[in-house]
Amino acid sequence: MPKKKNPLAINLNLLKPQSNPEKLLVRLIRWLLSSGRFIFVFVEALVLIAFATRFKLDADLASKKEAIEEQIPYIESLKPYEILIRNTQLKLSTIENITKDSSDWPEIFKKIADQTPSNVKITNIKIVKDIGDNKIDITGESQSNTDLNGFITGLKKEPTMHNVSIADIGFDQEIIKFTISVLMKKI
C-alpha cells in the first residue's frame, strides 16, 4: 500500500529566499525613518542647549567685566600705599641682609684684646670682610720677643681664629714692629 501524504505538513526550504533582497539605499532610508529620527532629535537638542548656554555665559562674562571695571578706581587709589609698602619691604630686607652678613665687631675686638699681653701695643687693626671669614691684619709693637710669641700663641688658641701668621716683622731702636695676619670665622 502506498503511503498517504500528510495533508498538514509544510515543505519549507530555508535556504532559498522567498523574496528579492532589499537594496542598500532602501535599508538606509528605512533605518533613518525608524531609528535615525531619534539621533536627529538628540543632536538638535544638544545644539539648542549649547546655543542657550552661550547666551548665559556671555551674560555672566559681561557682568564680571562690569564688576571688575567698577573696582579699578578703588585699586588705583591704593597705588601710593603699595609703593610705600614696597619701599618699606625693600628697606627691611636690606637691613636684614646687612645684619645677617655682618660680624659682631665688638666681640672680635674683645677676643683680640683678651689675647694681647700688657707689653704689646697694637697700633693698627685692618679688617677685610669676606664671604666666609674675616681677614684681620694686626700691626703693633712689642718690647720683647716672648711677649710677641705669647700674643701669637694666644691668637692661635682662640677657636674662632685660624691661619695665624706673621706677615711682617722688623726691629727699630730695640722695639719689635710686627704685622700679624689672621683669618677669623664670622661670629
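As a starting point, this report considers the structure included with it. Here the structure is a predicted model, which is why all the values come from computation and not from measurement. (Residues numbered from 1 in each chain as written. Predicted model: local features only at pLDDT ≥ 70, side-chain atom pairs only at ≥ 80, totals over all residues. Heavy atoms only, no water.)

## A few points about the environment of Asn119
At step 1: Mapped onto the secondary structure, Asn119 falls in the loop between α3 (105-115) and β1 (120-129).
At step 2: When the C-alpha atoms of Asn119 and Ser144 are compared, they prove to be 8.0 Å apart, with 25 residues separating the residues in sequence.
At step 3: In this structure Asn119 touches Glu141, Ser142, Gln143 and Asp147, once residues within four positions along its chain are discounted.
At step 4: In this structure the side chain of Asn119 is engaged in a polar contact, spanning 3.1 Å, whose partner is the side chain of Asp147. (Helix = DSSP H or I, 4+ residues; strand = E, 2+ residues; numbered from the N terminus. Contact = heavy atoms within 4.5 Å. Polar contact = N/O pair within 3.5 Å; in protein donor to acceptor, adjacent residues only side chain to side chain.)

## Let's talk about the packing of aromatic side chains
For any pair of aromatic rings, geometry is given as the distance between the ring centres together with the angle between the planes.
At step 1: Summed over the entire model, instances satisfying the criterion amount to 2 aromatic pairs.
At step 2: Between Phe51 and Phe55, the aromatic rings sit 4.9 Å apart at their centres with planes inclined by 90°, giving edge-to-face as the arrangement. Of this pair, Phe51 and Phe55 both sit in helix α1 (residues 24-77), 4 residues apart, roughly one helical turn.
At step 3: The class of Phe55 is exposed, set by a relative accessible area of 52%. (Phe/Tyr/Trp six-rings, centres within 6.5 Å; stacked < 30°, edge-to-face > 60°. Buried < 20%, exposed > 50% of the residue type's maximum accessible area, 1.4 Å probe, protein only.)

## Concerning the pattern of salt bridges
At step 1: The final tally for this structure, using the stated rule, is 8 salt bridges.
At step 2: Here Lys111 ties to Glu158 by a salt bridge, and the two come within 3.1 Å at their closest N and O atoms. Linking Lys111 in helix α3 with Glu158 in the loop between α4 (145-157) and β3 (161-172), this pair joins segments that are 47 residues apart in sequence. Side by side, Lys111 and Glu158 carry an identical accessibility label, which is buried.
At step 3: Look at the salt bridges and you will find they share partners, linking Glu141, Asp172 and Lys177 into a network. (Salt bridge = Lys/Arg side-chain N within 4 Å of Asp/Glu carboxyl O.)

## With respect to the side chain of Thr179
At step 1: Structurally, Thr179 can be placed in strand β4 (residues 175-185).
At step 2: Setting aside its immediate chain neighbours within four residues, Thr179 contacts Ile138, Thr139, Ser165, Ile166, Ala167 and Asp168.

## Some words on the nonpolar core
At step 1: By size, the foremost hydrophobic cluster in this structure holds 16 residues, and its most contacted members are Ile136, Phe151, Leu155, Ile180 and Val182.
At step 2: At the level of secondary structure, the elements contributing two or more residues to this core comprise α3, β2 (133-142), α4, β3 and β4.
At step 3: For this core, the element with the highest residue contribution is β4, accounting for 5 residues.
At step 4: In contact with Leu155, other than residues within four places in its own chain, are Gln115, Ile138, Met161, Val164, Ile180 and Val182. (Core = buried A, V, L, I, M, F, W, Y, C linked by side-chain atoms within 4.5 Å.)

In short, shape yes, function no, at least from these values alone.
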